[in-house]
Amino acid sequence: QSALTQPASVSGSPGQSITISCTGTSSDVGTYNLVSWYQQHPGKAPKLMIYEDNKRPSGLSNRFSGSKSGNTASLTISGLQAEDEADYYCCSYAGSTTFEVFGTGTQVTVL
Amino acid sequence: QLQLQESGPGLVNPSETLSLTCTVSGGSISRTTHYWGWIRQPPGKGLEWIGTIYFSGSTYYNPSLKSRVTISVDTSKNQFSLKLSSVTATDTAMYYCARSPMSTVFGVRQGYYFDYWGQGTLVTVSS
């Protein structure tokens, strides 16, 4: 099972919106509504941002939203802020043999 | 507030077994609503799921690591543990433990994402 494909980097100016894609296959992203997204600042543990494709954990800013179309999931960050600069990883359930597969990761830069 | 803390040797010799423990505080590992997992991250690289366990001892593993991985739970100590055998330099990584809320999908109950993470512990495989 290969890792889900994400762009290596995405950048935007403060206040703008950016979207990070996460491309899988019909065996993972395309079949299950079980994509999660994690934010990771340097030297820190990952933090859950989105689960089950588009649900936000309690207390998380609504600037973060998740969506999916076919085999590609997306994380959109609106009103980009300096504190959003981090690495972002998607993850999807991939069936009862592979279980969980992470994406390759995307570095977000706030210009 | 739930907290998870990884512990174990930071240096392991090649061909030996890596052993780590995750201690859970602020909540019971025996809650029926959660699973518990291990994830690792080689330096400068991405995340890799290792495996997940329920308090009953039920486990599921990454097929690429399954032959070398054992995850166990000790409910009396509110801990769960990871053993990875026959390690090589490619097993050098930051190892994280995390909590995974249970969901039911297509009739299968298990954890599908991780909502609380430990701070991680770096394990280096070298002689």
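Placed above this text is the structure.
Trainee: Let's hear about the pairing of strand 3 (residues 18-25) of chain B: which residues, and what values?
Mentor: Residue and element names in this part refer to chain B. What you see with strand 3 is a clean split: Leu18, Leu20, Cys22 and Val24 sit on the buried side and Ser19, Thr21, Thr23 and Ser25 on the side with no burial. With five bridges joining them, strand 1 (residues 3-7) and strand 3 adopt antiparallel strand pairing. Within strand 3, the residue paired with Glu6 across the bridge is Cys22. As judged from the six bridges shared by strand 3 and strand 8 (residues 79-84), these two strands associate in the antiparallel manner. Bridging from a neighbouring strand, Leu18 pairs with Leu84 of strand 8.

Trainee: Describe the pairing of strand 4 (residues 47-50) of chain A, naming the residues involved and giving the relevant values.
Mentor: Residue and element names in this part refer to chain A. Pairing between strand 3 (residues 35-40) and strand 4: three bridges, direction antiparallel. Paired with Tyr38 across the two strands is Leu48, which belongs to strand 4. Counted along the chain from strand 3 to the antiparallel partner strand 4, the turn is six residues long, and its residue Gly43 has a positive phi close to 75 degrees.

Trainee: Report on the state of the cysteines, specifying residues and quantitative values.
Mentor: All names here are of chain A. Using the criterion set out here, one finds two disulfides over all chains in the structure. The residue that forms a disulfide with Cys22 is Cys90, at a sulfur-sulfur distance of 2.1 Å. Of note, the bridge from Cys22 to Cys90 carries an S-S torsion of about 80 degrees and is right-handed in sense. With Cys22 in strand 2 (residues 18-23) and Cys90 in strand 7 (residues 86-93), the pair connects residues that are 68 residues apart, well separated along the chain. The pair formed by Cys22 and Cys90 is uniform in burial state, with each residue classed as buried.

Trainee: Describe in detail the pattern of salt bridges, supporting the description with residues and values.
Mentor: Where charged atoms from two side chains of opposite charge approach closely, those side chains can pair. Residue and element names in this part refer to chain A. Enumeration over the complete set of coordinates arrives at seven salt bridges over all chains. With a shortest N-O distance of 2.7 Å, Asp84 and Arg63 are connected by a salt bridge. Note that Asp84 is positioned in the loop between strand 6 (72-77) and strand 7 and Arg63 in the loop between strand 4 and strand 5 (64-69), a separation of 21 residues in sequence. The two residues Asp84 and Arg63 agree in class, both being buried.

Trainee: Mind laying out the interface of chain B and chain A, listing which residues take part and the relevant values?
Mentor: Residue-level contacts link 23 residues of chain B with 19 residues of chain A. Roughly 1800 Å² of surface becomes buried between chain B and chain A when both sides are summed, with 68% attributable to carbon and sulfur atoms. Per-residue buried area on chain B facing chain A is highest for Leu47, Tyr112 and Tyr113 of chain B; these three make up 33% of the total on that side. Here chain B is connected to chain A by zero salt bridges. Joining chain B to chain A, the criterion identifies seven residue pairs in polar contact (both at pLDDT 80 or more). Looking at side-chain class alone, the side of chain B that touches chain A contains 13 nonpolar, seven polar and three charged residues.

Trainee: Tell me about the sheet that holds strand 3 of chain B, residues and numbers included.
Mentor: Residues and elements named next belong to chain B. The strand order across the open sheet built from four strands is 1-3-8-7, with neighbouring strands paired in antiparallel fashion. Taken across any chain shown, the strands that pair with only one partner, and hence form the sheet edges, are strand 1 and strand 7 (69-74). Between one strand axis and the next, the sheet turns through 20 degrees on average, direction left out of account. Examined bridge by bridge, strand 7 and strand 8 share six bridges and lie antiparallel to one another. When the sheet's bridge partners are listed, Val69 is paired in strand 8 with Leu84.

Trainee: Go over the sheet that holds strand 5 of chain A with me, naming the residues and quoting the values.
Mentor: Residues and elements named next belong to chain A. The strand order across the open sheet formed by three strands is 2-6-5, and the pairing between neighbours is antiparallel. Pairing within the sheet leaves two strands with one partner each, and these edge strands are strand 2 and strand 5. Across this sheet, the average inter-strand angle for adjacent strands is 20 degrees, counted without regard to direction. Sheet analysis places strand 5 next to strand 6, joined by six bridges and oriented antiparallel. The partner of Lys68 across the bridge, within strand 6, is Ala73.

Quick notes on the rules
- Residues numbered from 1 in each chain as written.
- Chains lettered and ligands numbered in written order.
- Predicted model: local features only at pLDDT ≥ 70, side-chain atom pairs only at ≥ 80, totals over all residues.
- Heavy atoms only, no water.
- Buried < 20%, exposed > 50% of the residue type's maximum accessible area, 1.4 Å probe, protein only.
- Helix = DSSP H or I, 4+ residues; strand = E, 2+ residues; numbered from the N terminus.
- Pairing = 2+ DSSP bridges.
- Disulfide = S-S within 2.5 Å.
- Salt bridge = Lys/Arg side-chain N within 4 Å of Asp/Glu carboxyl O.
- Contact = heavy atoms within 4.5 Å.
- Buried area = accessible area lost by both parts, 1.4 Å probe.
- Polar contact = N/O pair within 3.5 Å; in protein donor to acceptor, adjacent residues only side chain to side chain.
- Nonpolar A, V, L, I, M, F, W, Y, C, P; charged D, E, K, R; others polar.
- Axes fitted to C-alpha atoms, helices over the stretch in contact; angles between N-to-C directions.

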